[in-house]
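Examining the three-dimensional arrangement
So you can see what is in the structure, the chains are spelled out below.
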Amino acid sequence: MPVPDKITAWQMTAPGDMARVDLPVPELAPGEVLVEVAGCGVCHTDIGYFYQGVPTVTKPPLILGHEISGRVVAGDETWLGREVIIPAVMPCNRCPICAAGRGNRCLAQKMPGNSLGNYGGFASHIPVPAADLCPVDNRNLPLEYLAVVADAISTPYQAAVRAGLQPGDLVVVIGGTGGVGTYMTQIAAALGARAVVAADINKEKLARIKEFGATHTINTAGLSAKEVREAFKDYCKEAGLPSNDGWKIFEVTGTKPGQEIALELLPFIGRLIVIGYGMQKVEFMLSRLMALDAEIIGTWGCLPRYYPAVLQLVLDGKVKVEPFVEIRPMSQIREVFEQAHAGHLPRRVVLTPDF
Ligand SMILES: [Zn+2]
Ligand SMILES: [Zn+2]
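I will try to describe carefully the structure that is included in this document. Computed from a predicted model, the values in this text were never measured in an experiment.

Once that is clear, we can look at the overall build of the protein chain. The helix and strand tally for the protein chain stands at ten helices and 15 strands. The C-alpha radius of gyration computed for the protein chain amounts to 20 Å, which stays within 12% of the reference 20 Å derived for 355 residues, consistent with globular compactness. Overall, the protein chain is about 65 × 40 × 40 Å in size when its C-alpha atoms are taken along their principal axes. Evaluated residue by residue, the protein chain yields a buried proportion of 53% over its 355 residues. In the protein chain, the proportion of contacts linking residues at least 24 apart, taken out of those at least 6 apart, comes to 69%. When the accessible surface of the protein chain is split by element, carbon and sulfur atoms take 52% of a total near 15,500 Å². Each charge sign in the protein chain was given a centre, from 32 positive and 36 negative side chains, and these centres are 5 Å apart.

Structure representation (structure tokens):
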């Protein structure tokens, strides 16, 4: 087992600045392991930390990256040599929030590239607690692809759990072709939703998502929320579906137009699940919730105990990863960040260490 004498990494020295550094391998505490990184996905959260002044819990210098797969090379013997996915959010498992089964929002949680000391995934190795690791005991695609399970796929899975998604459900995904929305659409279909309407603004991506679980698409580009509602009603009429009750609506964009559409579509006994994040405010007559007997639910991250089920959906081919991922060497991190920041990446990029 090759145990390194140092960790090589791309470290954020200050927001907007990055340097290649060598760090000593820390002494592993009981229950900790050292993971050799196979791949680390580039998430919009990283871009927020790097360019937009979103503060990290551990102040820079720190290594970003929280979508990580890899192999255990040191530490706890029971894990040695095993391939793993590192959950993006690791709960403390000791506080009242964790005891309530809501550890994905544990306030003492550890997140690589944010609050796990100064360690993150854009590195050769990372020390992590072993307790919540998701083992990859067999696989049918390269380990680096499975990095995206750790956030882009697990977050929509948790959203589906929060929504109580059942076979036969009616689902709308606002932003259903984006980096996370693509997986929200696929997961809704994989869990047996009867109808999955993907709404988004890119014509090519909308055409494509029909091959990956969307039963219908709505191009919302240039439409008001009310116009989207009309298009939605037309579709429901054609498809013989109710337009005014029961739909579960997942808002993934975090944008004002996306949220306005989601609120406009919220029907009787419906549920709106908020996954996207944006700083803007939207106006809504709150008493409509009472009149509709409807719910609005927030969701954050994913409990580590769901990771094996999420991984299984990928291994079973029910959630496709390869068409939506691009593998690039980690030495290209600066240009990949630039491209992600400019919105120029058609696929989620996973960086593989090439130090
Ligand atoms: Zn993320
Ligand atoms: Zn906790």
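Now that the structure is up, let's keep going.
Now for the coordination of the zinc ion (ligand 2). Only Cys92 (SG), Cys95 (SG), Cys98 (SG) and Cys106 (SG) from the protein reach the zinc ion (ligand 2) as donors, at distances of 2.3 to 2.4 Å. For the zinc ion (ligand 2), the four donor atoms in the first shell make angles of 103 to 116° at the metal, so the coordination geometry reads as tetrahedral.

Looking now at the coordination of the zinc ion (ligand 1). Distances from the zinc ion (ligand 1) to its protein donors, namely Cys43 (SG), His66 (NE2) and Asp151 (OD), fall within the range 1.7 to 2.2 Å. Counting the intervening residues between successive donors of the zinc ion (ligand 1) yields the motif C-x22-H-x84-D. Of this pair, His66 sits in the loop between helix 1 (44-51) and strand 4 (67-75) while Asp151 sits in the loop between strand 7 (134-135) and helix 3 (154-162), and the two are 85 residues apart along the sequence. Per residue, the accessibility class of His66 equals that of Asp151, and both read buried.

Below, the discussion takes up the sheet that holds strand 9 (residues 195-200). A sheet is described by the order of its strands in space; here six strands give the open sequence 10-9-8-11-12-13, paired in parallel fashion. The sheet terminates laterally at strand 10 (216-219) and strand 13 (295-298), the two strands that pair on one side only. The sheet shows a mean angle of 20° between the axes of neighbouring strands, taken without regard to direction. In terms of strand pairing, strand 9 meets strand 10 through four bridges, oriented parallel. Each bridged residue has a counterpart across the sheet, and for Ala199 the counterpart in strand 10 is Ile218.

Turning to the pairing of strand 1 (residues 6-14), a few remarks are in order. As judged from the eight bridges shared by strand 1 and strand 2 (residues 17-24), these two strands associate in the antiparallel manner. Following the sheet pairing, Lys6 is matched in strand 2 by Pro24. Connecting strand 1 to the next strand, strand 2, in antiparallel fashion are two residues, including Gly16 with a positive phi near 90°.

It is worth spelling out the packing of helix 1 against helix 10 (residues 333-341) at this point. Taken N-terminus to C-terminus, the directions of helix 1 and helix 10 make an angle of 100°; their axes are 10 Å apart at the nearest point. It follows that helix 1 is roughly perpendicular to helix 10 by the angle criterion. Taken together, the residues of helix 10 that come into contact with helix 1 (itself represented by His44, Asp46, Ile47, Phe50 and Tyr51) are Arg334, Phe337, Glu338, Ala340 and His341. Looking at the contact of helix 1 with helix 10 residue by residue, the class counts come to five nonpolar, two polar and three charged.

In this structure, Ile85, Leu146, Ile153, Tyr183 and Val321 are the most contacted members of the largest nonpolar core, which totals 51 residues. Residue assignment for this core shows that the elements contributing at least two residues are helix 3, strand 8 (170-174), helix 4 (181-190), strand 9 and helix 9 (307-315). The biggest single contributor to this core is helix 9, with six residues. Leaving out residues up to four positions away in the same chain, Val321 has contacts with Leu141, Tyr145, Val148, Ile153, Tyr183 and Val314.

A complete count under the given rule lists ten salt bridges for this structure. With its nearest N and O atoms 2.7 Å apart, the salt bridge here joins Arg348 to Glu67. Taken together, the residues span a long stretch of sequence, with Arg348 in strand 15 (residues 348-352) and Glu67 in strand 4 at a distance of 281 residues. Grouping residues by exposure puts Arg348 and Glu67 together as buried.

Here the focus is unusual backbone geometry. For the peptide bond that leads from Pro60 to Pro61, omega is 5°, which places it in the cis range. With respect to the helices and strands, Pro61 occurs in the loop between helix 1 and strand 4. Although it is not a glycine, Asp293 adopts a positive phi angle of roughly 55°. One can find Asp293 in the loop between helix 8 (287-292) and strand 13. When its relative accessible area of 57% is taken as the criterion, Asp293 is described as exposed.

This brings us to the environment of Tyr51. Along the chain, Tyr51 turns up in helix 1. Ignoring sequence-local partners within four residues, the contact set of Tyr51 consists of Arg334, Phe337, Glu338 and His341. Only 3.0 Å separates the side chain of Tyr51 from the side chain of Glu338, close enough to count as a polar contact.

The rules behind each value
Residues numbered from 1 in each chain as written. Chains lettered and ligands numbered in written order. Predicted model: local features only at pLDDT ≥ 70, side-chain atom pairs only at ≥ 80, totals over all residues. Heavy atoms only, no water. Helix = DSSP H or I, 4+ residues; strand = E, 2+ residues; numbered from the N terminus. Rg over C-alpha atoms; globule rule 2.2 N^0.38 Å. Buried < 20%, exposed > 50% of the residue type's maximum accessible area, 1.4 Å probe, protein only. Contact = heavy atoms within 4.5 Å. Areas by Shrake-Rupley, 256 points an atom, 1.4 Å probe, with all protein chains shown as cover. Lys, Arg positive; Asp, Glu negative; His and termini not counted. Charge placed at Lys NZ, Arg CZ, Asp CG, Glu CD. Donors = N, O, S within 2.8 Å, 3.2 Å for Na, K, Ca; no water. Tetrahedral: all angles 85-135°; square planar, octahedral: opposite > 155°, others 65-115°. Pairing = 2+ DSSP bridges. Axes fitted to C-alpha atoms, helices over the stretch in contact; angles between N-to-C directions. Parallel < 35°, antiparallel > 145°, perpendicular 65-115°, else oblique. Nonpolar A, V, L, I, M, F, W, Y, C, P; charged D, E, K, R; others polar. Core = buried A, V, L, I, M, F, W, Y, C linked by side-chain atoms within 4.5 Å. Salt bridge = Lys/Arg side-chain N within 4 Å of Asp/Glu carboxyl O. Polar contact = N/O pair within 3.5 Å; in protein donor to acceptor, adjacent residues only side chain to side chain.

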